[in-house]
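Chain by chain, the residues:
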Amino acid sequence: DFVFIVPASIAEEACKRVVAAFDDIVPHFYDQDNRERECIVSTDRQGEVRTFPLMAVSIAVVFNTGGRLKHYGEASAIAMGLKKKAKENPKSSYVLDRRAE
């Protein structure tokens, strides 16, 4: 997990740029067959053959507009829920905390 702090006014554009850069780079880590299938087939830790999606980035955006958050733990808790939502999408994605607006 990583944290980066940007002004709220550019947060969504920053997310779009991170997703685009990530998605431009990641396919180069896979061979052509995996890229065409958009997944890899491998053995998991239990010895079962499974299909795994290609890597994706999931971004959770927490706004602290007006200093509403008083402790970093609050931001962390909100981010955890948002990241879970973002990970529902197998592709790279971001979720903005709209409750702060």
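Description of the structure in this document.

Thresholds, definitions, all that
Position numbers for residues count from 1 along each chain, tracking the sequence in the order it is written. Only residues with pLDDT of at least 70 get local features here, since the model is predicted, and only at 80 or more are side-chain atom pairs given and counted; chain-wide, interface and lining totals rely on the full set of residues. Calculated side-chain values reflect all of the structure's heavy atoms, with hydrogen atoms and water omitted. Within this document, salt bridges are pairs made up of a side-chain nitrogen of Lys or Arg and a carboxyl oxygen of Asp or Glu, the two lying within 4 Å of each other. Per the convention used, a helix needs a DSSP run of H or I reaching at least four residues, while a strand needs a run of E reaching at least two, with both numbered from the N terminus. Three exposure classes are used, based on accessible area relative to the maximum for each residue type with a 1.4 Å probe and protein chains only: buried under 20%, partly exposed in between, and exposed over 50%. It only takes one pair of heavy atoms within 4.5 Å for two residues to be counted as in contact. Polar contact is the term for a pair of N or O atoms within 3.5 Å; when the atoms are in protein, one must be able to donate a hydrogen and the other to accept it, and sequence-neighboring residues count only if both atoms are side-chain atoms. Any two strands with at least two DSSP bridges between them are considered paired. Throughout, right-handed denotes a crossover for which the path from the first strand over the helix to the second runs clockwise when the strands point away from the viewer.

Applying the stated criterion across every chain yields a total of four salt bridges. Note that Lys91 is salt-bridged to Glu38, the shortest N-O span being 3.1 Å. In this pair, Lys91 is assigned in the loop between helix H3 (72-86) and strand E4 (93-96) and Glu38 in the loop between helix H2 (32-37) and strand E1 (39-43), connecting sequence segments 53 residues apart. By relative accessible area, Lys91 is classed as partly exposed at 47%. Judged by relative accessible area, Glu38 falls into the partly exposed class, the value being 47%.

Moving on: the environment of Val41. Relative to the helices and strands, Val41 is located in strand E1. Classification of Val41 by relative accessible area gives partly exposed; the value is 48%. In this structure, the C-alpha to C-alpha distance between Val41 and Phe63, residues 22 residues apart in sequence, is 38 Å. Not counting residues up to four positions away in its chain, the partners in contact with Val41 are Val49, Arg50 and Thr51.

Structurally, the position occupied by Ser92 is in the loop between H3 and E4. Exposure remark for Ser92: the relative accessible area of 12% places this residue in the buried category. Of note is the side chain of Ser92, whose polar atom sits 2.6 Å from the side chain of Asp23. In this structure Ser92 touches Val19, Phe22, Asp23, Ala56 and Val57, once residues within four positions along its chain are discounted.

The subject of this paragraph is the side chain of Ser93. Residue placement: Ser93 occurs in strand E4. Among the polar contacts made by the side chain of Ser93, one reaches the main-chain carbonyl oxygen of Ala86 at a distance of 3.0 Å. Beyond its immediate chain neighbours, meaning those up to four positions away, Ser93 contacts Val19, Val57, Ser58, Ile59 and Ala86.

Here we take up the pairing of strand E3 (residues 58-61). Where E3 and E4 come together, four bridges link them in parallel fashion. Directly across from Val61, in E4, lies its bridge partner Leu96. For the crossover that starts at E3, traverses H3 and ends in the parallel E4, the hand is left-handed.

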